[in-house]
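One letter stands for each residue in the lines below.
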Amino acid sequence: MDFKKPSRFDIFVHTLASYVLMRGAYKKYVDTFGLKGDEEVLDFGGGGGGLTRHIAKRLLQGRGHVTCLDTSEAWLDVARKQLRRFPNVRFVCDEISNLADAGPQFDVIAIHIMLHDIDREFRQDIVSALSRTLKDTGKLFIREPTKEKHGMPADEIRQLMTNGGLEEVGFTEGKLRFVGPTYSGVFLKPPRTEN
Ligand SMILES: C[S@@+](CC[C@H](N)C(=O)[O-])C[C@H]1O[C@@H](n2cnc3c(N)ncnc32)[C@H](O)[C@@H]1O
């Protein structure tokens, strides 16, 4: 699929998967974030907003916000339509490097089934930029498929995060319907130590 210019069929299939068939799995994953409700959250590569929706729901009571960032206007249009009833969602079509210029701004970052789609040569710059947008003691949650044909190895994710200054504080390996084996990692941005 060309993610920048999805066909109507692509949009139909992905929306059906993320809002209907995998809805329970998406919700369960967001439950693991332990959100209090007042956080600033980034859903990086949020696409049609299937995961963003569960994050937004969690943040409604506590007046937190979620930014659904994607480089595809076509997917953001889907998300805008699906999430029109959530006043606490910001839709941003931009490169993460541009947000990183504004410094740390998020308490939590989610990366869900998207980093493996990015060409390997760009992944480190993206993860390092994401790390710059994360506040000290903020957490990054990532879930990616690990199949060789369609996925990326867990050790590559760990290396990208370590190089970006993040520490793995937890992980699980599982299996997701329609996706296959996955690695889910939780990474912490350690507090800066004063000299
Ligand atoms: C497979 S979809 C996943 C969407 C969503 N995270 C989910 O789990 O349903 C991958 C998304 O990543 C977006 N994407 C690809 N490269 C990106 C980049 N460099 N920055 C932000 N988003 C990107 C694509 O446009 C697409 O919407």
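Residues numbered from 1 in each chain as written. Predicted model: local features only at pLDDT ≥ 70, side-chain atom pairs only at ≥ 80, totals over all residues. Heavy atoms only, no water.

Glancing now at the overall build of the protein chain. If you tally the helices and strands in the protein chain, you get seven helices and seven strands. Taken over the C-alpha trace, the protein chain has a radius of gyration of 16 Å; the compact-globule value for 195 residues is 16 Å, and the two agree within 12%. By its C-alpha atoms, the protein chain is 55 × 40 × 30 Å across when sized along the principal axes. Considering the protein chain as a whole, with its 195 residues, one finds that 49% of them fall into the buried category. Long-range pairs, those at least 24 residues apart, make up 70% of the contacts in the protein chain with a sequence separation of at least 6. Element-wise, carbon and sulfur atoms account for 51% of the exposed surface of the protein chain, whose accessible area totals about 10500 Å². Separation of charge centres in the protein chain, based on 29 positive and 27 negative side chains, amounts to 9 Å. (Helix = DSSP H or I, 4+ residues; strand = E, 2+ residues; numbered from the N terminus. Rg over C-alpha atoms; globule rule 2.2 N^0.38 Å. Buried < 20%, exposed > 50% of the residue type's maximum accessible area, 1.4 Å probe, protein only. Contact = heavy atoms within 4.5 Å. Areas by Shrake-Rupley, 256 points an atom, 1.4 Å probe, with all protein chains shown as cover. Lys, Arg positive; Asp, Glu negative; His and termini not counted. Charge placed at Lys NZ, Arg CZ, Asp CG, Glu CD.)

With that settled, consider the site of the ligand. Lining the immediate surroundings of the ligand are 18 residues, of which Y26, G45, G47, D70 and H112 lie closest. Here an oxygen atom of the ligand sits 3.4 Å away from a polar atom, N or O, in the side chain of H14. A distance of 2.6 Å is found between an oxygen atom of the ligand and a side-chain nitrogen or oxygen belonging to D70. More than half of the atoms of the ligand fall within 2 Å of the grid points belonging to the largest pocket. In terms of residue class, the shell around the ligand is built from nine nonpolar, seven polar and two charged. (Near = heavy atom within 4 Å. Polar contact = N/O pair within 3.5 Å; in protein donor to acceptor, adjacent residues only side chain to side chain. 1 Å grid on protein atoms, 1.4 Å probe; cavity = no way out; pocket = protein on both sides within 12 Å on 5 of 7 lines; lining within 4 Å. Sits in = over half its atoms within 2 Å of the grid points. Nonpolar A, V, L, I, M, F, W, Y, C, P; charged D, E, K, R; others polar.)

Our next topic: the pairing of strand β4 (residues 106-112). A regular strand places its side chains on the two faces of the sheet in alternate fashion. Burial analysis of β4 places six of its seven residues in the buried class, which makes it a mostly covered element. Across four bridges, the pairing between strand β1 (residues 40-44) and β4 is parallel. Bridge assignment links L42 to a residue of β4, and that residue is I109. Where β4 lies against strand β5 (residues 134-145), six bridges are found, and the strand directions are parallel. Among the inter-strand pairings, I111 is bridged to a residue of β5, identified as I142. (Pairing = 2+ DSSP bridges.)

What follows covers the state of the cysteines. Taken as a whole and assessed by the stated rule, the structure comprises zero disulfides. This cysteine, C68, is not joined by any disulfide, and C93 carries the nearest cysteine sulfur, 10 Å off. With a relative accessible area of 33%, C93 lands in the partly exposed category. (Disulfide = S-S within 2.5 Å.)

Here the largest pocket is characterised by a volume of approximately 1100 Å³. Every residue lining the largest pocket is counted, 40 residues in all, and those nearest its centre are F3, G45, I113, M114 and D117. Put simply, the parts of the chain that give the lining of the largest pocket at least two residues each are α1 (8-21), β1, α3 (50-59), β2 (65-70) and α6 (120-133). Residues belonging to the lining of the largest pocket are distributed by class as follows: 19 nonpolar, 13 polar and eight charged. When its volume is computed, the second largest pocket comes out at roughly 210 Å³. At seven residues, strand β6 (residues 167-176) tops the list of elements feeding residues into the lining of the second largest pocket. (Points joined across faces, edges and corners; volume = space filled by probe spheres on them.)

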